[in-house]
Amino acid sequence: MEPETALELVRNGVTLLLLDVPQFTLIGIDTQMFSVGPVFKGIKMIPPGPHYVYYSSSNRLGVDFKETCKFLVLNFLYEKQILASKFSIDQLANSLVKSGADNLEKWFVQWDGSEFSPTVGFFIDTCLSEVIVRKWDQQNERLVKLSEEEDERYCQSVKSLEFDRQLGPYTLSQYGDWKRLSNYITKTTIERIEPIGGEITVAHESGIVRNTPNTSMEKALDQQLRTSKFSNSADKSQNRGCYYTSIPRVIKHKGISGQELTSLNLDKTQLLESILMKDYGGSEDLLLGELQFAFIAFLMGQSLEAFLQWKSLVNLLFGCTKAPFHSRSLLFTKFIKVIYYQLKYGLQKDETGSSDVEKGSSLLLDESWLSADSFLYHLCKDFFSLVQEASVVDGDLLSWTRKLRHLLENTLGWDFQQTSTVDGLYCEEDEFAPVVEMLEDL
């Protein structure tokens, strides 16, 4: 890059100044991750717009919390049938290890065996030449804001290029991936959803299992998280959860017939329309922005709460049978495009021989996590059949649906061919199976 071009990018781009961050801390922004060295002070040449910053400190809690979170995630995925439900917990763990996909271990252990605390992340919305300053709080091991006076002083120092040699450049060649993952996220999206204080971390999500079916396993997991060292150190006087839109799994209405209730649950078009009007002011892009927000917080920030919201939104949209072909063809074209790029990024393989740190943001969507027993497989299979059998389909929707199908077939080896009349049916215990109201014989 020519020196003049580089200087222009430095002056016009956003700068993230990070002070006093301990060596070996992992710092990420968007799809990029850095391991803090002795002179690291932040990142420069960041394009204006929304970004996700996340970090994990080294040697914070050791084995105790790492094992707790491994236990939490593995059992949570088992309970939700995201992993093959026929296996026992021990068999699941052994299966992951034997297949070379011990992703849970990689969440908290870097390649050299060092311990890392749970990831903490936050969204920012930036403008041209903006400087964002954070300082490491040693006691709480958090990045915190400075006083207004200190912040202004450091901003002027950055603009005077005093920190230029200590700032790592944002890799612009990877910006395209980030744009495709975040193109519907706006300042409004961030302000609507982000928690009080802005921090998103699984360590503040001990109540997550209380919002799901209360099995004995989930109660045990909730107790483990609430009594962990990290959870006890958090300020519980504030609501730390994100303000996601509530998506009912089952539609319930009083005063309607059983047949009408069954119809509402088999086709969620009416629920989608109600949520769009009530919670998003009719804005399709605001809904898609929340879908992207949740995916990023899940994939980069390792938030289970975010995963649940992403799953709920995907289930809502794939659960519509009329909207894709009548009232909301454009929304579904955009939705399929969004989920296509999410899965394409999440399932990409590292072909450069780079370290685990550089490919760490893709580990959560390993092939072992998306088996043919997963909820996503069933939803996609039903939707693909719906599109294939429709008499009239929007051209763009058809094109992107085919691209998504080919991606899943080629990457995961999923087979979407209907092999029998009952092939597309859900098992009785599937939490995302359609609700059918049984009517008494007259």
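Residues numbered from 1 in each chain as written. Predicted model: local features only at pLDDT ≥ 70, side-chain atom pairs only at ≥ 80, totals over all residues. Heavy atoms only, no water.

1. Focus on the overall build of the protein
Okay, step 1: Looking only at helices and strands, the protein has 17 helices and nine strands in total.
Okay, step 2: Across the 442 residues that make up the protein, the buried fraction comes to 52%.
Okay, step 3: Partitioning the intrachain contacts of the protein with sequence separation of at least 6 by distance along the chain shows that 76% fall at a separation of at least 24.
Okay, step 4: Carbon and sulfur atoms make up 49% of the accessible area of the protein, which totals about 21,100 Å². (Helix = DSSP H or I, 4+ residues; strand = E, 2+ residues; numbered from the N terminus. Buried < 20%, exposed > 50% of the residue type's maximum accessible area, 1.4 Å probe, protein only. Contact = heavy atoms within 4.5 Å. Areas by Shrake-Rupley, 256 points an atom, 1.4 Å probe, with all protein chains shown as cover.)

2. Remarks on helix α16 (residues 375-389)
Okay, step 1: When the terminal C-alpha atoms of α16 are compared, their 22 Å separation across 15 residues agrees well with the 21 Å that a helix rising 1.5 Å per residue should span.
Okay, step 2: Looking only at α16, the buried set comprises F375, L376, Y377, H378, L379, C380, K381, F383, F384, S385 and V387.
Okay, step 3: Where α16 is buried, its residues meet α13 (304-318), α14 (329-346) and α17 (395-412). (Expected span 1.5 Å × (residues − 1).)

3. Describing the sheet that holds strand β5 (residues 49-56)
In a beta sheet, neighbouring strands pair by backbone hydrogen bonds and run either parallel or antiparallel.
Okay, step 1: Taken together, four strands build an open sheet; the order of strands is β3-β2-β5-β6 and the sheet is antiparallel. The sheet is open, and its two edges are formed by β3 (32-35) and β6 (120-126), each paired on a single side. Strand-to-strand twist in this sheet, taken as the mean axis angle between neighbours without regard to direction, amounts to 20 degrees.
Okay, step 2: Bridge count for strand β2 (residues 26-29) against β3 is four bridges, and the pairing is antiparallel. Each bridged residue has a counterpart across the sheet, and for I27 the counterpart in β3 is F34. (Pairing = 2+ DSSP bridges. Axes fitted to C-alpha atoms, helices over the stretch in contact; angles between N-to-C directions.)

4. Overview of the packing of α13 against α16
Okay, step 1: Orientation of α13 relative to α16, taken along the N-to-C sense of each, is 20 degrees, at an axis distance of 10 Å. Between α13 and α16, the angle falls in the class roughly parallel. Relative to α16, α13 is oriented so that their crossing is left-handed. Contacts between α13 and α16 involve F307, W310, K311, V314, N315 and F318 on the former and, on the latter, F375, L376, L379, C380 and F383.
Okay, step 2: Its residues assigned to classes, the contact of α13 with α16 comprises nine nonpolar, one polar and one charged. (Parallel < 35°, antiparallel > 145°, perpendicular 65-115°, else oblique. Left-handed = near helix turned anticlockwise from the far one by under 90°. Nonpolar A, V, L, I, M, F, W, Y, C, P; charged D, E, K, R; others polar.)

5. Focus on α13
Okay, step 1: Between its first and last C-alpha atoms α13 spans 21 Å; for 15 residues at 1.5 Å apiece the expected length is 21 Å, and the two agree.
Okay, step 2: Its side-chain oxygen 3.4 Å from the backbone nitrogen of E305, S303 forms the N-cap of α13. (Polar contact = N/O pair within 3.5 Å; in protein donor to acceptor, adjacent residues only side chain to side chain.)

6. Remarks on the packing of aromatic side chains
Okay, step 1: Considering all chains together, one arrives at 25 aromatic pairs under this definition.
Okay, step 2: Plain terms: the ring middles of F123 and F293 are 4.2 Å apart, the flat faces sit at 20 degrees to each other, and that makes the pair stacked. In this pair, F123 is assigned in strand β6 and F293 in helix α12 (residues 284-299), connecting sequence segments 170 residues apart. The same class applies to F123 and to F293, which are both buried. (Phe/Tyr/Trp six-rings, centres within 6.5 Å; stacked < 30°, edge-to-face > 60°.)

7. As for the packing of α14 against α17
Okay, step 1: For the pair α14 and α17, interaxial distance at closest approach is 9 Å and the crossing angle is 20 degrees. When the interaxial angle is binned, α14 and α17 end up roughly parallel. Viewed along their axes, α14 and α17 form a crossing whose handedness is left-handed. Contact residues: α14 offers F332, T333, I336, K337, I339, Y340, Y341, L343 and K344, while α17 offers D396, L397, W400, T401, K403, L404, L407 and L408.
Okay, step 2: Partitioned by chemical class, the residues of the contact of α14 with α17 number eleven nonpolar, two polar and four charged.

8. Brief notes about the confidence of the model for the protein
Caution applies to low-pLDDT regions: their predicted coordinates should not be interpreted in detail.
Okay, step 1: Per-residue pLDDT for the protein averages 76, and the proportion of residues at 70 or more is 64%.
Okay, step 2: The low-confidence segment residues 420-430, where pLDDT is below 50, has 16 contacts with residues more than four positions distant or belonging to other chains.
Okay, step 3: Across residues 432-442 the pLDDT falls below 50, and counting only partners more than four positions away or on other chains, this stretch makes 19 contacts in the model. (pLDDT = per-residue confidence, 0-100.)

9. Quick look at the nonpolar core
One recurring pattern in soluble globular proteins: nonpolar side chains tend to sit buried together.
Okay, step 1: The biggest cluster of nonpolar side chains holds 89 residues, and the ones touching the most others in it are L272, W310, F318, F332 and L376.
Okay, step 2: Among the elements that make up this core, the one with the highest residue count is α12 (eleven residues).
Okay, step 3: Setting aside its immediate chain neighbours within four residues, L272 contacts L287, L316, L317, C320, A323, L331 and F332.
Okay, step 4: One finds L17, L19, Y154 and V158 within the second-largest nonpolar core, a separate group that totals ten residues. (Core = buried A, V, L, I, M, F, W, Y, C linked by side-chain atoms within 4.5 Å.)

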